[in-house]
There are 4 protein chains.
Amino acid sequence: NLPLVFIAGPCVIESEELVLTTAKQLAEIAARENLPLIFKCSFDKANRTSVDSFRGPGLDAGLEILTKVKQETGLEVTTDIHEPGQAAPSAEVCRILQIPAFLARQTDLLEEASKAASKHQGVVNIKKPQFVAPEDCIHAVKKCEAFGLDQLMLTERGTTFGYGRLVNDMRCIPIMQNMGTPVIFDATHSVQTPGGKSTGGQRDMIPFLARAAVACGCDGIFAETHPDPSQALSDGPNMLPLDQFANFALNLQKFRSLVNEI
Amino acid sequence: NLPLVFIAGPCVIESEELVLTTAKQLAEIAARENLPLIFKCSFDKANRTSVDSFRGPGLDAGLEILTKVKQETGLEVTTDIHEPGQAAPSAEVCRILQIPAFLARQTDLLEEASKAASKHQGVVNIKKPQFVAPEDCIHAVKKCEAFGLDQLMLTERGTTFGYGRLVNDMRCIPIMQNMGTPVIFDATHSVQTPGGKSTGGQRDMIPFLARAAVACGCDGIFAETHPDPSQALSDGPNMLPLDQFANFALNLQKFRSLVNEI
Amino acid sequence: NLPLVFIAGPCVIESEELVLTTAKQLAEIAARENLPLIFKCSFDKANRTSVDSFRGPGLDAGLEILTKVKQETGLEVTTDIHEPGQAAPSAEVCRILQIPAFLARQTDLLEEASKAASKHQGVVNIKKPQFVAPEDCIHAVKKCEAFGLDQLMLTERGTTFGYGRLVNDMRCIPIMQNMGTPVIFDATHSVQTPGGKSTGGQRDMIPFLARAAVACGCDGIFAETHPDPSQALSDGPNMLPLDQFANFALNLQKFRSLVNEI
Amino acid sequence: NLPLVFIAGPCVIESEELVLTTAKQLAEIAARENLPLIFKCSFDKANRTSVDSFRGPGLDAGLEILTKVKQETGLEVTTDIHEPGQAAPSAEVCRILQIPAFLARQTDLLEEASKAASKHQGVVNIKKPQFVAPEDCIHAVKKCEAFGLDQLMLTERGTTFGYGRLVNDMRCIPIMQNMGTPVIFDATHSVQTPGGKSTGGQRDMIPFLARAAVACGCDGIFAETHPDPSQALSDGPNMLPLDQFANFALNLQKFRSLVNEI
């Protein structure tokens, strides 16, 4: 009968100011509405479509800003890592280390993330790759266990469905929960439309898919949010405007309460 | 703020006795729990995997049995039709004429169904084909409108996802509702695993997907049910045991109430 | 060591004149280049996207025109049928009865087609549905055998691949040939892009896919062709211009010869 | 009118002995049959299904063995790299640096590979990810160009097609060639059946798909081969037995000659 967890924040650390402003507002909403909320922001978008795309401030500057977020808001933080060497420093700051979907089969990355997270009683959150069946996530789970990790989460973020489309197979949620791990539903990347000059998105589908996932029993919702998505430097078309976040989260909490009841 | 509608019954008319027994129990549940419920049963399974599979009693005998269901239970009934000539007689008995997914592009079938249903102030329920995008169901909608129909429903029953698998893209629900038509979620055929000697199913996934669909806003649930699915002559692996139906429906009604509230 | 067979002609019987003109040119090419060629044209496009789309002259007028084709060109002819009752009259005229992909699971249609073709020592050509695995075509094969048919062909025309796209899994060719049936590659419908106001196509991909299929061992090529595809009343974007047909076919015959050699 | 190029060798460096034995036999075939052939072997399988799977000798030991291959056979060599830091040392030895499909969007890896390959007038070979449309490979091409690379190849190795299946869309070959890059067809990984305890394969489909790809115009064939695939430490089910390689390659060269002629 746990409450629904939220992982939220802007896609990428565009600036210290943006990150702190957003984090403070999210912290306020979390406190006011009693939402468990972890702040998420990436220090590096390591797989952007174009070489000219904004990538972020990098590991060191990024972790400094995330440290400030913790200090100034009291929120726990999470970020995604792309190379084994980024695990240890990130785990010093982040309660959750997120493994990108494309990298979820890289054994060395899982090893370093598992060890670093374990050292700090932290969590590893593996995004189910777009090319992997939910049943086959058991292999990533077993790898992390072999590396001593005892707190793992899996995230559903859509599966390849022809070209330029993802689909959420909601069966992923109970199937992956049956492995003994909490399952997060990523409402942001699920509505991506990959391909073209830059990845697009269907923002209006976020509330529908998020509700469906909560009704299906997911343990948490991942939703990127930005004060002004139209100006965002990454993933604008599928981020939630920050001023809609509280309402979005409260509605989902109601579905969660109903799931807990029945 | 309409209640959730249920379309339920055994897959195929195995016998008059089975049909009447099941219909009476469903009518009792519907009355007791105040559920809008339409009884569904097929007079012919016209596209079974094997030539040896049971197909049903055929049009005339089937409609006689469905007429008895109406008389003895007061429930409205629905059935699926496969040829243009079956539309007129079926509409005499059935409030809803169901168009099978594989046949949803056959213009003549849509024409006769639309005309026959219109004549009796009835409804046509088109199953979205497994090979059609939700957006493209607009063409079937427009065809029916051109034939004078004013009560149309669309049903989501899964989309082809590689071989031997279907996936429910829950975005289908709001996308097809935006065409001005109610959308039914078919919880039975969505969990089919096509292929092999006979089509299999994942019955344990039914409640998860049905809840997701209701949370997503669907207008009704289609669920085949049978007193003993293990003995059923068609679709056994993905039918709901009749003694679980009331509980299944009540839980979904709670999600519907929440959707209506927010 | 059989030669490659061609099934070719305009998509739909737009007029007697178009059909006879095209058939005569194809007959001339076939004679000159020693190509086994069956003339194909539909008397009814029964599943067009829109109710306003051109459908064709219907069964009776269509069969009359196909009879003239036989008489005036000496070519064998084939057409697709959509209802069980169309099988017997069509088999009087057509050497091959083609079963549309969407209808390939309709047992009654397979039964009447099998019986009618058998009566005239004819052939049934089933298009593999876009939603069926090649392995599972064995069920259609067994149905036809049960109805007494001994000359069956299967046609690969693409499999659903996300929304609005088909993909040709070339493994279909040897897998279906292993059932003991010749396999035709439909180069026209494989390049359809379903969806939108009318189905589009990628004509420039036809020669690539056709060569791949021949190299993979297919027994024949289905290719719709029209004197002026830009003016065609159906499937224009994926038909081959008639003046390119001879060259197209000759190149494929070279690949066939190589396959026969090795 | 270039000849077909072959990239061949065992999946992983199981031992110096296996690698040298295989390389010598391949060199002999290449010389005898006049085949352009690059020897491929991985020093590390960085994304194996299980933590217990064999991974290989690692970068340094692996490059030493590949150096011996060059010295003792005169063959050029290639290997796949997984981290940016592996690019420079690998380019000292390998004419081609291969970017794994899962990592093909990692900008840093493309940057280091491009720079290292350029320094030695080498080539980068990017495998098209299973989750990317062929059209969208243009972004990886442009990234590499931005990093100064002028010799790039793309490899088709299948696209996600439901769970546990890949499909080769043969249109990928001309579409990616239109970007100005040679396209290699990976006949080994295309027949993988991902999922389950270890990735399986359909070895008997290799010749069919390879022929189709060559007929479609691909510039080269990637085929892993092993003296005894049943004993191989990785990818056994989809490697070609070494004693079948010469015949396999010669047949493909015949299709290539025909493509060059027409």
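What counts, and where the lines are drawn
Going along each chain's sequence as written, the residues are numbered from 1 onward. The naming scheme follows written order: chains are lettered A onward, ligands numbered 1 onward. Two thresholds apply to this predicted model, a pLDDT of at least 70 for residue-level local features and 80 or more for giving and counting side-chain atom pairs, whereas whole-chain, interface and lining totals are computed over all residues. Derived side-chain values reflect all non-hydrogen atoms in the structure, with water molecules and hydrogen atoms excluded from consideration. Helix numbering and strand numbering both begin at the N terminus, where a helix is a DSSP run of H or I of at least 4 residues and a strand a DSSP run of E of at least 2. Only protein chains enter the accessibility calculation, which uses a 1.4 Å probe; a residue is then buried when its area is under 20% of its type maximum, exposed when over 50%, and partly exposed in between. Superposition of the copies used a least-squares fit over C-alpha atoms from residues whose pLDDT is at least 70 in both. Throughout, a contact is declared for two residues whenever any of their heavy atoms are within 4.5 Å. Accessible area that two parts lose when put together, evaluated with a 1.4 Å probe and summed over both, is termed the buried area. The term salt bridge refers to a pairing of a side-chain nitrogen on Lys or Arg with a carboxyl oxygen on Asp or Glu at a separation within 4 Å. In protein, a polar contact requires one atom able to donate a hydrogen and another able to accept it; more generally it is a pair of N or O atoms within 3.5 Å, and residues adjacent in sequence count only if both atoms are side-chain atoms. Each residue is assigned to one of three groups, with Ala, Val, Leu, Ile, Met, Phe, Trp, Tyr, Cys and Pro labelled nonpolar, Asp, Glu, Lys and Arg labelled charged, and all others, Gly among them, labelled polar. Lines fitted to the C-alpha atoms define the axes, with helices restricted to the stretch that makes contact. Angles between their N-to-C directions range from 0 to 180 degrees. For classification, angles of less than 35 degrees are called roughly parallel, those exceeding 145 degrees roughly antiparallel, those between 65 and 115 degrees roughly perpendicular, and all remaining angles oblique. Handedness of a crossing is defined here by the sense of rotation of the near helix relative to the far one, left-handed for an anticlockwise turn of less than a right angle and right-handed for a clockwise turn. Two strands qualify as a pair provided that DSSP identifies no fewer than 2 bridges between them. By the criterion used throughout, a crossover qualifies as right-handed when its path from the first strand across the helix to the second strand runs clockwise, the strands pointing away from the viewer.

Time to look at unusual backbone geometry. Positive phi values are uncommon outside glycine, yet D235(A) reaches one of about 60°. Position of D235(A) among the secondary structure elements: in the loop between β12 (220-226) and β13 (240-241). The buried category is assigned to D235(A), whose relative accessible area is 11%. Of note in the backbone geometry, N34(C) takes a positive phi value of approximately 60° without being a glycine. Inspection of the secondary structure puts N34(C) in the loop between α1 (16-33) and β2 (37-40).

With that settled, the discussion passes to the relation of the copies chain B and chain D. Its rotation angle being 180°, the transformation that places chain B on chain D also includes 0.0 Å of axial translation and leaves an RMSD of 0.0 Å. Within this description, the copies of the chain are treated as partners about a two-fold rotation axis. Minimal C-alpha distance to the rotation axis in chain B is attained by G162(B), lying at 1.9 Å. The share of interface residues of chain B whose copies in chain D are also at the interface is 100%, consistent with both copies meeting through the same surface.

This part covers the relation of the copies chain A and chain D. Superposing chain A onto chain D requires a rotation of 180° together with a translation of 0.0 Å along the rotation axis, leaving an RMSD of 0.0 Å. A shared interface surface links the copies, since 100% of the contact residues of chain A are contact residues in chain D too.

Let's shift gears to the interface of chain B and chain D. Contact residues are listed per partner, giving four residues for chain B and four residues for chain D. Between chain B and chain D, the buried area comes to about 470 Å², and carbon and sulfur atoms account for 77% of it. Considering only the surface of chain B that becomes buried against chain D, F161(B), G162(B) and Y163(B) emerge as the three largest contributors, covering 81% of it. For the interface between chain B and chain D, the tally reads zero salt bridges. Counting across the interface, chain B meets chain D through zero residue pairs in polar contact (both at pLDDT 80 or more). Looking at the side of chain B that touches chain D residue by residue, the classes come out as two nonpolar, one polar and one charged.

Packed helices, taken two at a time, are described by their axes: the angle between them and the distance between them. Here helix α8 (residues 245-261) of chain A crosses helix α8 (residues 245-261) of chain B at 160°, and the two axes come no closer than 11 Å. Judged by the inter-axis angle, α8(A) sits roughly antiparallel to α8(B). As for the relative orientation of α8(A) and α8(B), their crossing is right-handed in sense. Residue-level contacts link K254(A), F255(A), L258(A) and V259(A) of α8(A) to K254(B), F255(B), L258(B) and V259(B) of α8(B). Residue classes in the contact of α8(A) with α8(B) are distributed as six nonpolar, no polar and two charged.

Here the focus is the pairing of strand β3 (residues 76-80) of chain B. All names here are of chain B. Counting buried positions over the five residues of β3 gives four, a clear majority of the element. Strand direction decides the pairing type here: strand β2 (residues 37-40) and β3, joined by three bridges, are parallel. Of the residues in β3, the one forming a bridge with I38 is E76. The parallel pair β2 and β3, bridged by helix α2 (residues 59-73), forms a crossover whose chirality is right-handed.

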